[in-house]
Amino acid sequence: MTRLSPRDLALVAMFAALVAVLGMPGGISFFGSVPITAQTLGFMLAGCILGAKRGALSVIVFDLLLAAGLPIGAGGHGGMAVITGPSGGYLLGAIPGVFLTGLLVQRWGRRNLVSPFVASVIGCMGVVYLVGVPYCAWRLDSGLVAVAQNAVQFLPGDLAKCVIAALVTTTVVRAYPPIETITGAPGRSTERERVGAA
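Note that the structure is a prediction, hence the values are computed from the model and not measured.

What counts and how
Residues numbered from 1 in each chain as written. Predicted model: local features only at pLDDT ≥ 70, side-chain atom pairs only at ≥ 80, totals over all residues. Heavy atoms only, no water. Helix = DSSP H or I, 4+ residues; strand = E, 2+ residues; numbered from the N terminus. Expected span 1.5 Å × (residues − 1). Buried < 20%, exposed > 50% of the residue type's maximum accessible area, 1.4 Å probe, protein only. Arc of directions from axis to C-beta. Contact = heavy atoms within 4.5 Å. Salt bridge = Lys/Arg side-chain N within 4 Å of Asp/Glu carboxyl O.

Draft legend 1. Representation of helix 8 (residues 155-175). The terminal C-alpha atoms of helix 8 lie 30 Å apart, and with 21 residues this matches the ideal 30 Å at 1.5 Å per residue to within 8%. Taken together, the buried positions of helix 8 are Asp158, Lys161, Cys162, Ala165, Ala166, Thr169, Thr170 and Val173. For helix 8, the buried positions fall inside an angular range of 165° around the axis, keeping them on one side. Facing away from the buried side of helix 8 by more than 90 degrees, the exposed set consists of Pro156, Thr171, Arg174 and Ala175. Against helix 2 (39-50), helix 6 (114-140) and helix 9 (178-183) lie the buried residues of helix 8.

In structure tokens form, the structure reads like this:
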């Protein structure tokens, strides 16, 4: 595993902070105990822009700070109670979800809207739901089917966030092309790899 540079650490910290900021307004809960928040958009952007390793690391940093008690969860909540609560599975599932999203965009590219959109749907929706729904059912001591049906309320909002993530990702890459060499792109080596080969 390659060592993270100071720039890598700065990007990881910046996106962990972005996730926290997006959760500050709080969330809306229509039927269940898991609120609908903008934090998942931050997870999608982390995977799409930073790639697999750095994106997942930004989520790990966020989850650790949250568990340590920092009030950076949705609505300014913090502590282990958030991780062990009904929504904790979605926060934990975001780690492999963002990692997969990052892997896919590194393979497919970031310059068209379809790639980051589909990557976000597969990773930051599919994987996160696969972890979050059973975890929520366990913490609520409820039936898995009932919780899965309740999770349907998240689908329209999460799909909209995938669209936004794709738009932001392609805009960032077109405005600042070097981001692809920093965070990995298909058919391109990173700056560190080029220096090592020189």
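That covers the picture; the talk isn't over yet.
Draft legend 2. Structural context of the environment of arginine 174. Mapped onto the elements of the fold, arginine 174 is located in helix 8. Here arginine 174 falls in the exposed class, since its relative accessible area comes to 54%. In sequence terms arginine 174 and arginine 110 are 64 residues apart; their C-alpha atoms lie 9.1 Å from each other.

Draft legend 3. Focus on the environment of phenylalanine 154. Along the chain, the position of phenylalanine 154 falls in the loop between helix 7 (144-151) and helix 8. Here the alpha-carbon distance between phenylalanine 154 and tyrosine 129, two residues 25 residues apart in the chain, equals 9.8 Å.

Draft legend 4. The arrangement of the pattern of salt bridges in detail. Across all of its chains, the model carries two salt bridges by this definition. Put simply, aspartate 8 and arginine 54 hold a salt bridge, and the shortest N to O gap is 2.8 Å. In this pair, aspartate 8 sits in helix 1 (residues 6-23) while arginine 54 sits in helix 3 (residues 52-67), placing the two residues 46 residues apart along the sequence. Arginine 54 sits in the buried class, given a relative accessible area of 9%. Taking the shortest distance from any N to any O, the salt bridge between aspartate 158 and lysine 161 comes out at 3.4 Å. One end of the pair, aspartate 158, and the other, lysine 161, are both in helix 8, three residues apart, so they sit about a helical turn from each other. Across the pair, lysine 161 and aspartate 158 agree in class, each one buried.

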